[in-house]
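# A look at the structure
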Amino acid sequence: MAKKAKKAAKKAAPKKAAKKKAAPKKAAKKAAPKKAAKKAAPKKKSARKPNAAFMAALTPSETLGAVVGTKPIPRTEIIKKIWDYIKKNGLQDKQNKRMINADDKLKSVFGGKEQISMFELAKVVNNHVK
């Protein structure tokens, strides 16, 4: 009977080894689709189109032109140039960074106010573009 037990043990051992070899193959197959998913993500970014309303060139008024220039430029560029001017001249309030202090040029753009909130900036710009 001992011989039969040894033969049964030998037959069972190769089956277990075969199962162990099959497991890594399954893991490798699962990893492959994840790589394909990562490649698909950049394609979605290229499908996005900018809004044409933001890209339309607007002509700044004379008062706003003193800060950003007189050439027609998109609204996004106007806001960027105003922020560049604010940071260059240190016009952001030191204690409350959301507030913008006006100098001589910006005071006329801000409608005579000494200080405005950064959230009002788009509203102020809207009054000075065509």
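Above: the structure in question.
These numbers come from a predicted model, not from an experiment.

Rules used in this analysis
Residues numbered from 1 in each chain as written. Predicted model: local features only at pLDDT ≥ 70, side-chain atom pairs only at ≥ 80, totals over all residues. Heavy atoms only, no water. Helix = DSSP H or I, 4+ residues; strand = E, 2+ residues; numbered from the N terminus. Core = buried A, V, L, I, M, F, W, Y, C linked by side-chain atoms within 4.5 Å. Buried < 20%, exposed > 50% of the residue type's maximum accessible area, 1.4 Å probe, protein only. Contact = heavy atoms within 4.5 Å. Expected span 1.5 Å × (residues − 1). Arc of directions from axis to C-beta. Salt bridge = Lys/Arg side-chain N within 4 Å of Asp/Glu carboxyl O.

## A word on the overall build of the protein
When its secondary structure is counted, the protein shows six helices and four strands. The linear arrangement of helices and strands in the protein, starting from the amino end, is α-α-β-α-β-α-β-α-β-α.

## Brief notes about the nonpolar core
If you look at the biggest cluster of nonpolar residues, it comprises 21 residues, and the most contacted ones within it are Leu64, Ile78, Ile82, Leu106 and Phe110. Among the elements of the structure, α3 (62–68), α4 (75–89), α5 (104–109) and α6 (121–126) are those that each provide at least two residues to this core. The dominant element in this core, judged by the number of residues it contributes, is α4, at five residues. Apart from the residues within four sequence positions on either side, Leu106 is in contact with Val67, Tyr85, Ile86, Leu91 and Asn101.

## So, α4
Since the α-helix advances by 3.6 residues per turn, residues separated by three or four positions end up pointing in the same direction. Given a rise of 1.5 Å per residue, 15 residues ought to cover 21 Å, and the 21 Å separating the end C-alpha atoms of α4 matches this to within 8%. Burial in α4 covers these residues: Ile78, Ile82, Trp83, Tyr85 and Ile86. Seen along its axis, α4 keeps its buried residues to an arc of 155°; they face one direction. Away from its buried face, by an angle of more than 90 degrees, α4 presents the exposed residues Asp84, Lys87 and Lys88. Looking at the buried residues of α4, the elements they touch are β1 (57–58), α3, β2 (73–74), β3 (99–101), α5 and α6. Taken from the residues just after α4, Gly90 is the one with a positive phi, measuring 65°.

## A short note on the pattern of salt bridges
A side chain of one charge can pair with a side chain of the opposite charge if their charged atoms are brought near each other. Under the counting rule described, the total for this entry stands at three salt bridges. As a salt-bridge pair, Lys113 and Glu120 come within 3.5 Å of each other at their nearest N and O atoms. Looking at Lys113, the relative accessible area reads 43%, which means it is partly exposed.

## So, the side chain of His128
Tracing the backbone shows His128 in the segment after α6. Assessed through its relative accessible area of 14%, His128 is described here as buried. With near-sequence residues (within four places) excluded, His128 lies in contact with Thr59, Pro60, Ser61, Thr63, Leu64, Ser108 and Val109.

## Points about the side chain of Asp93
Relative to the helices and strands, Asp93 resides in the loop between α4 and β3. Apart from residues no more than four positions distant in its own chain, Asp93 is found in contact with Met99, Asn101 and Gln115.

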